[in-house]
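Structural overview for review
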Amino acid sequence: MSEATQVRFDAGTLGSLHELVGDAPTPLVWLVDAGATPSEDALAALLEHAPGPAAGLPVDAQGRPIKPLMGRVDESDQDAILDAARRRCVPLRHIQLTSLLVERELVLELAPPDPQRFGWYAGAEWSGRLFDRRKGVLVPASRVRVGACPAGSPAHVLRAARSARWRSGETVRELHRSVRSRLG
Amino acid sequence: MKSSTVCAIVVTYNRHDLLIECLDRIERQSRPPDHVLVVDNASTDETPETLARREGVEVLRLEENLGSAGGFAEGIRVAHERGYEWLWLLDDDTFCDELCLEALLDGVKRAPQEPSVVCSVVRWRDESLHPMNRPWFRFNRREEFAEAAGAGLALIRSATWVSTMVHRRAVDEHGLPPAHFFIWSDDPEYLGGILRESTGYMVPESLAWHWTPEPHDTLTDTRDRFYYRVRNLVWHLRGSSFQGVERAFRARASLRLVSRYVQRSPNKSRALATVARGVRDGLRRPPR
């Protein structure tokens, strides 16, 4: 039996995360965006950081990291950053949900993502709440290829920023990306 | 000269006992440096006599005290002329772990990009990160930061004179540290300038202790030499090592620093005079 159950979700089912993971036969679940393609060793790399939460690095077709999907480093504890680097990972405050290894029980303890309120940022907002509960990391060795990287609406940006306590700089940058994508 | 040669450069001034411990620790390295150059800033204690008796150390005695900035500038100039690939910079109160240099060189080998600077994690006596040498991470380059972490390294924006290695290529491109700074802010000015366009890493396994009596920052030292801090900060802000948002953040931090210095000083009028003198001289053209 696998050490983690892969659970695929998409924009339509993200809000039903409890139902999606509820029947998983393993204590660990690997949440993977339906539009994403994990590399062959993506899960093995995440399992080195079990029980997580441990997120994979979203990359484009050329293997380059996709900045808006990479999440934000938790800059609050420098010793923790150095310790994470020693373990080949990066502590996070939040990240877009593309590939995440996490304990099933932890998922069930939290209110699920709310796509109606946060739109495209529902996963990021949820991961912020998750990492408040249990420190999460980005694992650069675990790569997941993602096709598109759309931006949500400015209203969704502002709601997510307020709820997940984004910093002003990241909020402004995401707002800029959101408005720019709407202007074509 | 073979590749990956390392010259340790220690700058000292009247801190005999600390210097001896610093040199003993360099000698005990699992991978010793290829050469040890001590720049004696015209010490007046027993340092010259002790250094004269010590084997395996080359002493470069300066005629006058040029401060850490002038001392490192001289040391780097000599080591660079001799062709060493890496210049390992250490204040005389730097106590290195035995694996310090070996870990730095391992870090260079696994670095995703060819680094110009690599540095150690610097702790105080109680193992906390030393406030003067806290890591200056480069978070704004998120892709590179993640790439570095994947290789077990932390991407940095600047470093200090406490166990930092500079590649000779960086000296070719950027010249020597700003000797006219004398003390304070010379290291971020020089290393920050190098790292503006190039890459630097902190190696988590490479440890050094900065053996100051207190885990102080420059604020603890409320003597008149804070003048150098203010003057150099103004030069630093006028320089090109940091620009745009980074410069704005540096300016804000500098204003806070000066304000805290004045608030903490027992003699406020004297502190204000020191600050005013520093600002005045900082606004003048720096000597070259």
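Rules used throughout
- Residue indices begin from 1 for each chain and proceed along its sequence in written order.
- Going through the entries in the order they are written, you letter the chains from A and number the ligands from 1.
- With pLDDT at 70 or above as the cut-off, local features in this predicted model cover only qualifying residues; side-chain atom pairs require 80 or more to be listed or tallied, and sums for whole chains, interfaces and linings still use all residues.
- Where side-chain values are given, they derive from all heavy atoms of the structure, hydrogens and water being excluded.
- Under the scheme used here, helices are H or I runs from DSSP no shorter than 4 residues and strands are E runs no shorter than 2 residues, and both carry numbers assigned from the N terminus.
- Under this definition, polar contacts are N or O atom pairs within 3.5 Å; protein pairs additionally need one hydrogen-donor-capable and one acceptor-capable atom, and for neighbouring residues in sequence, both atoms have to be side-chain atoms.
- Pairs of residues are marked as contacts when any of their non-hydrogen atoms sit within 4.5 Å.
- Throughout, an axis means a line fitted to C-alpha atoms (over the contacting stretch in the case of helices), and angles, computed between N-to-C directions, take values from 0 to 180 degrees.
- Working definition: roughly parallel below 35 degrees, roughly antiparallel above 145 degrees, roughly perpendicular at 65 to 115 degrees, and oblique for all remaining angles.
- Handedness of each helix crossing follows the sense of rotation of the near helix against the far helix: counterclockwise by less than a right angle gives left-handed, clockwise gives right-handed.
- Residue polarity is assigned by list, with Asp, Glu, Lys and Arg as charged and Ala, Val, Leu, Ile, Met, Phe, Trp, Tyr, Cys and Pro as nonpolar; anything else, Gly included, falls into the polar class.
- Annotation comment: domain bounds sourced from an automatic or database domain assignment.
- Simply put, the buried area is the total loss of 1.4 Å probe accessible area from both parts when two parts are fitted together.
- Between Lys or Arg on one side and Asp or Glu on the other, a salt bridge is scored when a side-chain nitrogen of the former is within 4 Å of a carboxyl oxygen of the latter.
- Working rule for helices: expected span equals 1.5 Å times residues minus one.
- Any Phe, Tyr or Trp ring, taking Trp's six-membered ring, that has another such ring centre within 6.5 Å forms a pair; planes under 30 degrees apart are called stacked, those over 60 apart edge-to-face, and the others tilted.
- Burial here depends on accessible area, computed with a 1.4 Å probe over protein chains only, as a share of the maximum for the residue type. Under 20% is buried, over 50% is exposed, and the range in between is partly exposed.
- Counted as over-ring charges are cases with an Arg CZ or a Lys NZ within 6 Å of the ring centre that also lie within 35 degrees of the ring normal.
- Note: two strands are recorded as paired if DSSP finds a minimum of 2 bridges between them.

In this section: the side chain of Ser120 of chain B. Residues and elements named next belong to chain B. Within the secondary structure, Ser120 is located in strand E6 (residues 117-123). A distance of 2.6 Å separates polar atoms of two side chains, one belonging to Ser120 and the other to Ser163. A distance of 2.7 Å separates a polar atom in the side chain of Ser120 from a polar atom in the side chain of Ser206. If we ignore the near neighbours within four places in the chain, the residues touching Ser120 are Cys100, Leu104, Ser163, Met202, Val203, Ser206, Leu207 and Ala208.

Glancing now at the packing of helix H8 (residues 226-238) of chain B against helix H9 (residues 244-264) of chain B. Residues and elements named next belong to chain B. Where H8 meets H9, the closest approach of the two axes is 10 Å, and the angle between their N-to-C directions is 165°. In this view, H8 runs roughly antiparallel relative to H9, as classed from their interaxial angle. In this structure, H8 meets H9 at a crossing whose hand is left-handed. Contacts from Phe226, Arg229, Val230, Leu233, His236, Leu237 and Arg238 of H8 reach H9 at Arg247, Arg250, Ala251, Ser254, Leu257, Val258 and Tyr261. Its residues assigned to classes, the contact of H8 with H9 comprises eight nonpolar, two polar and four charged.

Our focus in this paragraph is the domain arrangement of chain B. All names here are of chain B. The domain architecture assigned to chain B consists of domain 1 (6-216) and domain 2 (219-284). When the two sides are added together, the surface that domain 1 and domain 2 hide from each other amounts to roughly 1500 Å², 56% of it contributed by carbon and sulfur. When the buried area of domain 1 at its contact with domain 2 is split by residue, Trp184, Glu189 and Arg196 rank highest and sum to 36% of it. Taken together, the connections running from domain 1 to domain 2 amount to one salt bridge. Here Glu246 makes a salt bridge to Arg157, at a shortest N to O gap of 2.7 Å. If you look at where domain 1 meets domain 2, you find 13 residue pairs in polar contact (both at pLDDT 80 or more).

Moving on: the packing of helix H7 (residues 154-163) of chain A against helix H8 (residues 168-182) of chain A. All names here are of chain A. One can describe the packing of H7 onto H8 by two numbers: an axis separation of 9 Å at closest approach and a directional angle of 165°. The orientation of H7 with respect to H8, classified from their angle, is roughly antiparallel. For the element pair H7 and H8, the recorded crossing hand is right-handed. Here Pro154, Val157, Leu158 and Ala161 of H7 come into contact with H8, specifically with Thr171, Glu174, Leu175, Ser178, Val179 and Arg182. Here the residues of the contact of H7 with H8 sort into six nonpolar, two polar and two charged.

A word on H9 of chain B. The end-to-end C-alpha distance of H9 of chain B, which contains 21 residues, comes to 30 Å, matching closely the 30 Å that a straight helix rising 1.5 Å per residue would cover. Contact partners of the buried residues in H9 of chain B: strand E7 (136-137), helix H7 (186-195), H8 and helix H10 (268-283) of chain B.

With that out of the way, let us pick up the interface of chain A and chain B. Taken together, the contacts link 19 residues of chain A with 22 residues of chain B. Roughly 1900 Å² is buried in total at the junction of chain A and chain B, and carbon and sulfur atoms are behind 64% of that figure. Among the residues chain A hides against chain B, the three largest losses belong to Lys67, Gln78 and Leu82 of chain A. Together they make up 32% of the total. Across the chain A-chain B interface, the total number found is one salt bridge. Between Arg123 of chain B and Asp79 of chain A there is a salt bridge whose closest N-O contact spans 2.8 Å. Taken together, the connections running from chain A to chain B amount to six residue pairs in polar contact (both at pLDDT 80 or more). Counting residues per element, the ones that place at least two in the side of chain A that touches chain B are strand E5 (72-73), helix H3 (78-86) and strand E8 (136-146) of chain A.

What follows is about the packing of aromatic side chains. In this structure the tally under the stated criterion is 13 aromatic pairs over all chains. On the basis of an interplanar angle of 35° and a centroid distance of 5.2 Å, the ring pair of Phe182 of chain B and Tyr228 of chain B is categorised as tilted. Within this pair, whereas Phe182 of chain B is found in the loop between helix H6 (168-174) and H7, its partner Tyr228 of chain B is found in helix H8, the two being separated by 46 residues in sequence. Exposure remark for Phe182 of chain B: the relative accessible area of 23% places this residue in the partly exposed category. An aromatic cluster is present here, built from Trp120, Tyr121 and Trp166 of chain A joined pairwise through their rings. If you follow Arg250 of chain B out to its NZ or CZ, it ends over the ring of Phe242 of chain B, 5.3 Å from the centre. Between Arg277 of chain B and the ring centre of Tyr227 of chain B, over which it is positioned, the NZ or CZ distance is 4.4 Å.

In regular strands, side chains alternate between the two faces of the sheet. All names here are of chain B. Among the six residues in strand E4 (residues 86-91), six count as buried, and that is most of the element. Of the two faces of E4, the one lined by Trp86, Trp88 and Leu90 and the one lined by Leu87, Leu89 and Asp91 are each fully buried. Where strand E1 (residues 6-12) lies against E4, six bridges are found, and the strand directions are parallel. Each bridged residue has a counterpart across the sheet, and for Ile9 the counterpart in E4 is Leu89. Across five bridges, the pairing between E4 and strand E9 (residues 162-167) is antiparallel. Across the sheet, Leu89 pairs through a bridge with Thr164, a residue of E9.

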